[in-house]
Amino acid sequence: MNLAARRLFVFFFSLAILASCEDPTDIGIELQDENQIGTDYTDTITINTGTVLLNDSIVSYKVSPVLVGAYADPVLGSIKASAFTEVSLGGTNVKFGDNPVADSLVLTLDYNAIYGDRTKPLTVNVHRLTEGFDEKSSYFTNSSLAYEATPLGSATVMPKLYEKAKTFEDSTAARNLVKVRISADFMNQLVAQSGQAPLATQQAFTNFLRGLAIVPVNEPASALALNMTSDSTKLVLHYRNGADKKKHTFGLARTSSIDYFTRIEADRTGSAVAELNEKGDFVPSSQTGGESYVQSNTQLLTKLTFPYLQQFKEASGNIIINRAQLIVPVKPSTSSNIAPPPQLVAYQTNNSNMILRSRSGAPLAVQQNRVGAVESTAFPSALIYDPKRSHYTLDMTAHFQAMVLGQKPNQGLLLAPASVVAASSGALQIVQDTRPYRAILSNTEANQVKLVLYYSKLN
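Here's a quick rundown of the structure. (Residues numbered from 1 in each chain as written. Predicted model: local features only at pLDDT ≥ 70, side-chain atom pairs only at ≥ 80, totals over all residues. Heavy atoms only, no water.)

Brief notes about helix α5 (residues 309-316)
(1) Moving on: Of all the positions in α5, only Leu309, Phe312 and Ser316 are classed as buried. Looking straight down α5, one finds its buried side chains confined to an arc of 60 degrees; they lie on one side. Opposite the buried face of α5, by more than 90 degrees, sit the exposed residues Glu314 and Ala315.
(2) Moving on: As for α5, its buried residues are in contact with β1 (40-42), β17 (319-331), α6 (397-404) and β24 (450-457).
(3) Moving on: Downstream of α5 by one or two residues, glycine 317 has phi in the positive range, about 75 degrees. (Buried < 20%, exposed > 50% of the residue type's maximum accessible area, 1.4 Å probe, protein only. Helix = DSSP H or I, 4+ residues; strand = E, 2+ residues; numbered from the N terminus. Arc of directions from axis to C-beta. Contact = heavy atoms within 4.5 Å.)

As structure tokens, this is what we get:
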């Protein structure tokens with residue numbers, strides 16, 4: 001067997017190892033003695049990094065969790081999250097009796113996570129929408145709907161997490177709830193519609209009450225992850241008919257026809273990336289102390305580029321990539337309440353810092369090392385965060401081989417918070433992660449982004 005044939009055998013043997021290893025961080029350990037198997041090794045390929053303001057909008061229409069609140073990121077500024085939602089009628093031809101007398105109207109919001117400073121109170125206002133949802137539109141983290149200036153109600157809470165009640169009827173168990181008492185004026189307006197056209201159908205009710213805006217009003221403290229489909233997230237009217245005490249529940253997103261979304265506003269004034277204002281703007285990490293940033297919901301992504309790949313190809317000649325593992329260090333957070341995303345996805349990009357897409361519109365991400373997968377969108381790979389080692393890792397062997405061969409563009413990769421999950425078709429799909437995570441990625445001399453590369457020369 002000649003040298004080229006032996007090295008080709010090594011390449012396919014290495015692919016078999018890649019396919020069989022369960023932990024991608026352990027791949028290639030046995031390859032480190034290059035004299036035994038005829039491979040070369042390097043981890044000195046230059047990788048430049050920086051922060052990008054994403055060109056694309058982030059969909060938040062019916063995306064969970066819905067966020068409400070405001071919190072301060074000590075590195076990237078403050079974040080404000082507001083929720084916009086329709087309200088379910090909770091029936092048809094709703095009537096509260098012949099002579100109903102309203103006692104109270106209370107909006108309760110179930111939440112299951114807290115982000116930010118739990119030691120400070122959170123105040124939210126509930127406003128009546130003056131602009132309804134458009135069934136022909138989608139809604140993004142930068143979308144908004146108009147609402148009345150005067151709130152229908154307000155509440156201040158000190159966020160805490162309790163053990164959930166086992167059943168809705170278990171009133172002895174504490175729940176994570178924000179309770180907002182709605183004004184008597186609106187409550188009486190609502191009761192006055194009893195048996196009338198506005199309470200006949202959902203569409204008529206939506207014409208009467210276009211929806212609610214739930215908006216934080218205090219200084220940055222914390223944001224809550226609302227569970228919109230919980231049976232505890234609802235608007236409840238308590239009323240009397242004579243001596244009888246009754247109630248009617250207006251639901252929120254427990255009905256699939258109800259629309260909702262989260263609006264995110266970021267104030268980066270005074271931060272290292274304050275100049276990122278227009279979509280596609282880029283700040284190199286050389287201007288931010290070797291740091292770049294990834295932040296959920298605010299369109300801040302990290303861009304990686306390989307500026308000297310052509311020189312590496314010319315110096316190495318014809319090569320086969322046995323293993324290419326990307327290692328991205330994470331700087332420890334200055335806030336224990338703001339964690340790095342559990343996963344990132346590496347999207348292909350261009351010089352305008354846009355996510356490249358297939359002809360069908362699917363985003364082009366680095367794919368898993370499967371036969372034929374490098375040219376597909378069906379098997380995206382994820383960068384997995386290792387909290388013990390404080391870094392992300394990505395096995396990008398097939399993708400880097402395609403870059404070396406000129407089959408993939410060398411215009412950079414965008415690292416974005418997202419999860420890779422199984423689809424019903426058996427393929428994999430990318431799901432945007434809307435939880436308010438943030439990661440500071442390090443690319444300094446002492447803590448560099450690296451590509452651990454094993455390769456074989458064919459001539």
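Now that the structure is up, let's keep going.
Brief notes about the side chain of histidine 127
(1) Moving on: Relative to the helices and strands, histidine 127 is located in strand β6 (residues 122-128).
(2) Moving on: The exposure class of histidine 127 is buried, given its relative accessible area of 5%.
(3) Moving on: Separated by 2.8 Å, the side chain of histidine 127 and the backbone oxygen of glutamate 148 make a polar contact.
(4) Moving on: If near-sequence neighbours (up to four positions away) are discounted, histidine 127 is found in contact with Tyr147, Glu148, Ala149, Thr150, Pro151, Leu152, Gly211, Leu212, Ala213 and Val215. (Polar contact = N/O pair within 3.5 Å; in protein donor to acceptor, adjacent residues only side chain to side chain.)

Brief notes about the nonpolar core
(1) Moving on: Grouped together as the largest cluster of nonpolar side chains are 42 residues, with contacts concentrated most on Leu107, Val178, Ile182, Phe205, Leu237 and Phe250.
(2) Moving on: Apart from the residues lying within four places of it in its own chain, the contact partners of leucine 107 are Val126, Val178, Lys179, Val180, Ile182, Leu212, Ile214, Lys234, Leu235 and Leu252.
(3) Moving on: Core analysis: the second largest hydrophobic core is formed by 32 residues, Val328, Val366, Tyr385 and Val404 among them. (Core = buried A, V, L, I, M, F, W, Y, C linked by side-chain atoms within 4.5 Å.)

A closer look at unusual backbone geometry
(1) Moving on: The omega angle of the peptide bond from serine 64 to proline 65 is 0 degrees, so this bond is cis rather than trans.
(2) Moving on: Mapped onto the elements, proline 65 comes out in the loop between β2 (48-53) and β3 (66-73).
(3) Moving on: Of note, asparagine 93 is a non-glycine position whose phi angle comes to about 50 degrees, a positive value.
(4) Moving on: Residue position: asparagine 93 is located in the loop between β4 (77-85) and β5 (101-116).
(5) Moving on: Residue classification places asparagine 93 among the exposed residues on the basis of a relative accessible area of 58%.
(6) Moving on: Located in the positive-phi region is asparagine 353, a residue other than glycine, with phi close to 65 degrees.

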